[in-house]
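The primary structure of each chain is shown beneath.
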Amino acid sequence: MNFLRSASSAIRPSSHFLTRRSALPATSFAVRYLSDSTKKTIEDAIHNNKLVVFMKGTPDAPMCGFSRAVMQILTVQGVDMQKSLKSFNILADEELRSGIKEYSSWPTIPQVYINGEFVGGCDIMVNMHQSGELEDLLLKEKLIEPEPSEDNPRA
């Protein structure tokens, strides 16, 4: 009988083991992807360009539906892609791909920055486009021209 008790206690975890295990710091498993050079690249791009998109593919050839949707929204809004847009293909640079997610604390791609501020990803851009907020922001930042009206045909 003593053998059975000792065998069952060996199988059953002790409370001491559980307490020690839960005492591990949560950060012991965190991995840092953002190097100083990648951080500088991101910050320089964001602060030196009015509109920056980190995406899969290029504006002319997006490699995912979400990146394509963001490019279509910007085109519909009237953004001059050649003049106003700075884009980064994160598929071409694994360090940038993981680094931008850490930099923004946003887990998905694409990521849109306007005038140095993180705006969001595809879902946020779609919602802003539908509500009219995106047009207002693009007008405010002078990334698009106001549409001509009957009162002011040269607007």
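Values in this document were obtained by computation on a predicted structure and should not be read as measured data.

Novice: Give me the side chain of Ser-104: which residues, what numbers.
Specialist: Counting through the fold element by element, Ser-104 comes out in helix H6 (residues 94–104). Polar side-chain contacts of Ser-104 include one of 2.9 Å to the side chain of Gln-111. Setting aside residues up to four positions removed in sequence, Ser-104 forms contacts with Gln-111, Tyr-113 and Phe-118.

Novice: Can you lay out the nonpolar core for me, pointing to particular residues and giving the numbers?
Specialist: Core analysis: the largest hydrophobic core is formed by 21 residues, its most contacted members being Leu-51, Val-53 and Leu-74. Among the secondary structure elements, those contributing two or more residues to this core are strand E1 (51–55), helix H4 (65–77), strand E3 (111–114), helix H7 (122–131) and helix H8 (133–140). Considering each element in turn, this core owes the most residues, 5 residues, to H4. With 12 residues, the next largest nonpolar core counts Ile-42, Phe-54, Ile-100 and Ile-109 among its residues.

Novice: If you had to explain the pattern of salt bridges to someone new, which residues and values would you point to?
Specialist: Overall, the coordinates contain 2 salt bridges when judged by the stated rule. Taking the shortest distance from any N to any O, the salt bridge between Asp-44 and Lys-40 comes out at 2.9 Å. You can see Asp-44 and its partner Lys-40 sitting in helix H3 (residues 36–48), 4 residues apart, about one turn around the helix. Judged by its relative accessible area of 33%, Asp-44 is partly exposed. Measuring nitrogen to oxygen at the nearest pair gives 3.9 Å for the salt bridge that ties Lys-140 to Glu-141. By relative accessible area, Lys-140 is classed as exposed at 62%.

Novice: Quick one: what's the story with the sheet that holds strand E4 (residues 117–120), residue by residue and with numbers?
Specialist: With respect to topology, 4 strands assemble into an open sheet ordered E2-E1-E3-E4, the strand pairing being mixed. Every interior strand has two partners, whereas the edge strands, strand E2 (85–89) and E4, have only one. Looking at each pair of strands side by side, their axes are set apart by 25 degrees on average, direction ignored. Sheet analysis places E3 next to E4, joined by 3 bridges and oriented antiparallel. The residue bridging Val-112 from the neighbouring strand is Gly-120, located in E4. In the packing of H3 onto the sheet, the strands contacted are E1, E2 and E3, and the crossing angle to E1 comes to about 140 degrees.

Novice: Kindly report on the packing of aromatic side chains, identifying the contributing residues and their values.
Specialist: For the structure on display, the rule yields 4 aromatic pairs. With a centroid separation of 5.8 Å and 80 degrees between ring planes, the pair formed by Phe-54 and Tyr-113 is classed as edge-to-face. Of this pair, Phe-54 sits in strand E1 while Tyr-113 sits in strand E3; the two residues are 59 residues apart in sequence, bridging distant segments of the chain. Accessibility assignment for this pair places Phe-54 and Tyr-113 in one class, buried. Measuring from centroid to centroid gives 5.2 Å for Tyr-113 and Phe-118, while their planes differ by 50 degrees, and the two rings are tilted. The rings of Phe-54, Phe-88, Trp-106, Tyr-113 and Phe-118 are connected pair by pair, giving a single aromatic cluster. Residue placement shows Lys-86 over the ring face of Phe-88; its charged tip is 5.3 Å from the ring centre.

Reading the values: the criteria
Residues numbered from 1 in each chain as written. Predicted model: local features only at pLDDT ≥ 70, side-chain atom pairs only at ≥ 80, totals over all residues. Heavy atoms only, no water. Helix = DSSP H or I, 4+ residues; strand = E, 2+ residues; numbered from the N terminus. Polar contact = N/O pair within 3.5 Å; in protein donor to acceptor, adjacent residues only side chain to side chain. Contact = heavy atoms within 4.5 Å. Core = buried A, V, L, I, M, F, W, Y, C linked by side-chain atoms within 4.5 Å. Buried < 20%, exposed > 50% of the residue type's maximum accessible area, 1.4 Å probe, protein only. Salt bridge = Lys/Arg side-chain N within 4 Å of Asp/Glu carboxyl O. Pairing = 2+ DSSP bridges. Axes fitted to C-alpha atoms, helices over the stretch in contact; angles between N-to-C directions. Phe/Tyr/Trp six-rings, centres within 6.5 Å; stacked < 30°, edge-to-face > 60°. Lys NZ or Arg CZ within 6 Å of the ring centre and 35° of its normal.

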